[in-house]
Structures are given as C-alpha cells and as structure tokens.
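Spelled out from the first residue to the last, the chains are:
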Amino acid sequence: MVNEKDPQAMALGYVAQATRADTTRFKTYLAGNQCSNCALYQGKAGEASGLCPLFAGRQVAAAGWCNSWVKKG
Ligand code: SF4
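Computed from a prediction, not measured in an experiment: that's the story for all the values here.

Peer 1: Describe the environment of Tyr-14, listing the residues and the values that go with them.
Peer 2: With respect to the helices and strands, the residue Tyr-14 is situated in the loop between helix 1 (7-12) and strand 1 (49-51). According to the C-beta neighbour criterion, Tyr-14 is buried, with 27 such atoms within 10 Å. Between the C-alpha atom of Tyr-14 and that of Asn-3, which follows or precedes it by 11 residues, the distance is 8.6 Å. Setting aside residues up to four positions removed in sequence, Tyr-14 forms contacts with Val-2, Glu-4, Ala-9, Val-60, Gly-64 and Cys-66.

Put into structure tokens, the structure is as follows:
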C-alpha cells in the first residue's frame, strides 16, 4: 500500500482519503473524485484498494486521490 509520506506520493499529492486532498497545493481536486473513479485505477469495484500504474506494484486506496486523477472514460 502506498504511504502518503512516500516522496512520490507527496509529489503527486496522494492521500488515502480523497477528502483530505491538499486543495491549496492542488487546485484540480473536485469533490467526488477519487481513485475508484479514476481511469488509471485497476482495482475491482467494491474493493478497498487496487493497483495504480503511477505507483508500480503498489496499491492505492479506493477512497484515495492524487493530482494525476483522470476521469474514467
Ligand atoms: S492516478 Fe488515479 S488511481 Fe492513481 S493514485 Fe492518482 S487518483 Fe488514484
């Protein structure tokens, strides 16, 4: 599982709870956006976490968020 204090997580503004996104640093955050509805998220619906290619081999929280969030097609 990705740790929020990981340097890459810090750089991307990743938080395990999307509602804790640093909206001062990252203006892109919109309420409701989270890993589970991000195009890059590879977890299955209903699971608490899943893989994200930005954090190769590590899981991110379904309820998490980062500045690279992309709307799922
Ligand atoms: S790219 Fe998407 S799935 Fe990956 S950490 Fe950021 S918001 Fe979550």
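Peer 1: Tell me what's going on with the environment of Val-2, and back it up with residues and numbers.
Peer 2: Inspection of the secondary structure assignment puts Val-2 in the segment before helix 1. Sequence separation of Val-2 and Ala-48 is 46 residues, and the distance between their C-alpha atoms is 13 Å. Residues contacting Val-2, with those up to four places away along its chain left out, are Ala-9, Tyr-14, Phe-55, Arg-58, Gln-59 and Val-60.

Reading guide: rules and limits
- Residues numbered from 1 in each chain as written.
- Predicted model: local features only at pLDDT ≥ 70, side-chain atom pairs only at ≥ 80, totals over all residues.
- Helix = DSSP H or I, 4+ residues; strand = E, 2+ residues; numbered from the N terminus.
- Buried ≥ 20, exposed ≤ 12 C-beta atoms within 10 Å, placed from the backbone.
- Contact = placed C-beta atoms within 7 Å.

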